[in-house]
Amino acid sequence: MTWGHLVIAETALEGGAFGLRAVDPAADAGLVHGWMNDPEVAEYWELAQPEERVAAYLREQVASAHSTPYIGCVDGTAMSYWELYRADLDPLRHHYPARPRDAGVHMLLGPSAYRGKGLGAVLLRAVSDWQLRTDPYAGRVVAEPDVRNVRSVRAFEQAGFRVTGQIELPVKRAVFMVRERAA
């Protein structure tokens, strides 16, 4: 299944099939800008900025050597934003005991209709499964949601991540979470 872009992970949901497609900064800037400026999202992502700044941010992500942005879709309808990255190559590595090939994940559910239904946990599990399946050298996936974002922390826990502590990052205090590769 494709929606004009490479689908890298998919799982069946009640509302249809979920897949990820590569971000197109020019085409997706307005969509992501709207999500980032939603007060519930803005409180934690801190990207409630003008559309051109969001577009520049997306271009930076696309150009990154260690992070790739995606749009999550249910039956082709955009509903989430993802950043999948090599945490051991990211500046995050300076804030925790990084291991070679650590994978990392950031996720936000865009439209509010998708929030508060347990969908985040289902999708985080599917995407982190994909990360571990496609990189046989990655032993784990890490995440660092804002400590104030209780719903996000709960979703990560329900997806199989465990809390290992808190870390101070330049823009937030975060819960450091790890999902180990199953034996």
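Just above sits the structure.
What counts, and where the lines are drawn
- Residues numbered from 1 in each chain as written.
- Predicted model: local features only at pLDDT ≥ 70, side-chain atom pairs only at ≥ 80, totals over all residues.
- Heavy atoms only, no water.
- Buried < 20%, exposed > 50% of the residue type's maximum accessible area, 1.4 Å probe, protein only.
- Helix = DSSP H or I, 4+ residues; strand = E, 2+ residues; numbered from the N terminus.
- Axes fitted to C-alpha atoms, helices over the stretch in contact; angles between N-to-C directions.
- Parallel < 35°, antiparallel > 145°, perpendicular 65-115°, else oblique.
- Left-handed = near helix turned anticlockwise from the far one by under 90°.
- Contact = heavy atoms within 4.5 Å.
- Nonpolar A, V, L, I, M, F, W, Y, C, P; charged D, E, K, R; others polar.
- Phe/Tyr/Trp six-rings, centres within 6.5 Å; stacked < 30°, edge-to-face > 60°.
- Lys, Arg positive; Asp, Glu negative; His and termini not counted.
- Salt bridge = Lys/Arg side-chain N within 4 Å of Asp/Glu carboxyl O.
- Expected span 1.5 Å × (residues − 1).
- Arc of directions from axis to C-beta.
- Core = buried A, V, L, I, M, F, W, Y, C linked by side-chain atoms within 4.5 Å.

Undergrad: Help me understand unusual backbone geometry, please; the structure alone is not making it clear to me.
TA: Unusually for a residue other than glycine, D75 sits at a positive phi of about 50 degrees. Classification of D75 as partly exposed rests on a relative accessible area of 47%. With a phi angle near 75 degrees, R101 is a residue other than glycine that sits in the positive phi range. Along the chain, R101 falls in the loop between β4 (77-86) and β5 (103-109).

Undergrad: I'm lost on the packing of helix α1 (residues 25-36) against helix α3 (residues 51-63) in this one. Help?
TA: Angle between the axes and distance between the axes: these two values describe a pair of packed helices. α3 packs onto α1 with a crossing angle of 125 degrees between their chain directions and a minimal axis gap of 9 Å. The angle between α1 and α3 falls in the class oblique. Crossing of α1 against α3: the hand is right-handed. Touching P25, D28, A29, G30, V32 and H33 of α1 are E51, V54, A55, L58, R59 and V62, all from α3. Split by residue class, the contact of α1 with α3 holds seven nonpolar, two polar and three charged.

Undergrad: Is there a simple way to explain the packing of aromatic side chains in this structure?
TA: Applying the stated criterion across every chain, the model contains four aromatic pairs. Ring geometry for F18 against W82: centres 6.1 Å apart, planes inclined by 55 degrees, an arrangement best described as tilted. Taken as a pair, F18 in strand β2 (residues 16-22) and W82 in strand β4 lie far apart in primary sequence, 64 residues in all. The class for F18 is buried, based on a relative accessible area of 0%. Aromatic pair F156 and F161: ring centres 5.0 Å apart, planes at 85 degrees, arrangement edge-to-face.

Undergrad: Which parts of the structure should I look at to understand the side chain of E83?
TA: You can see E83 is positioned in strand β4. Here E83 occupies a buried position and makes no salt bridge, while the nearest side chain of opposite charge, K172, is found at 9.0 Å. For E83, the residues in contact, after removing those within four places along its chain, are W45, Y57, Q61, S67, T68, P69, G104, V105 and H106.

Undergrad: Mind showing me how you'd approach helix α4 (residues 119-134) here?
TA: Each α-helix turn comprises 3.6 residues. Residues three or four places apart therefore point the same way. Look at α4: 23 Å from first C-alpha to last across 16 residues, which is about the 22 Å you get at 1.5 Å a residue. Of all the positions in α4, only L119, G120, A121, L123, L124, A126, V127, S128, W130, Q131 and L132 are classed as buried.

Undergrad: Just checking my understanding: could you explain helix α5 (residues 150-158) for this structure?
TA: Listing the buried residues of α5 in full gives S152, V153, A155 and F156. Down the axis of α5, the buried set is contained in an arc of 160 degrees. They therefore lie on one face. Buried positions along α5 lie against β5, α4, β6 (140-143) and β8 (172-180). Downstream of α5 by one or two residues, G160 has phi in the positive range, about 105 degrees.

Undergrad: Can you help me understand the nonpolar core in this one?
TA: Of all hydrophobic cores here, the largest spans 28 residues; its most connected members are F18, W82, L84, V105, L124 and F161. Contributing elements (two or more residues each) for this core: β2, β3 (67-74), β4, β5, α4, β6, α5 and β8. Among the elements that make up this core, the one with the highest residue count is α4 (seven residues). Judged by nonpolar contacts, the second largest core, of 13 residues, contains V23, V32, W35 and V41.

Undergrad: Can you walk me through the pattern of salt bridges in this structure?
TA: Side-chain pairs of opposite charge can arise whenever the charged atoms involved come near each other. The tally for this structure, following the rule as stated, stands at 16 salt bridges. Across the pair D28 and R21 runs a salt bridge, and its minimum N-O distance is 2.9 Å. Per residue, the accessibility class of D28 equals that of R21, and both read buried. Where R59 meets E52, a salt bridge forms, and the shortest distance between an N and an O atom there is 2.7 Å. According to the relative accessible area criterion, R59 is partly exposed, its value standing at 42%. Each of the salt bridges in this network shares a partner with another, and the network as a whole consists of D38, E40, R115 and R151.

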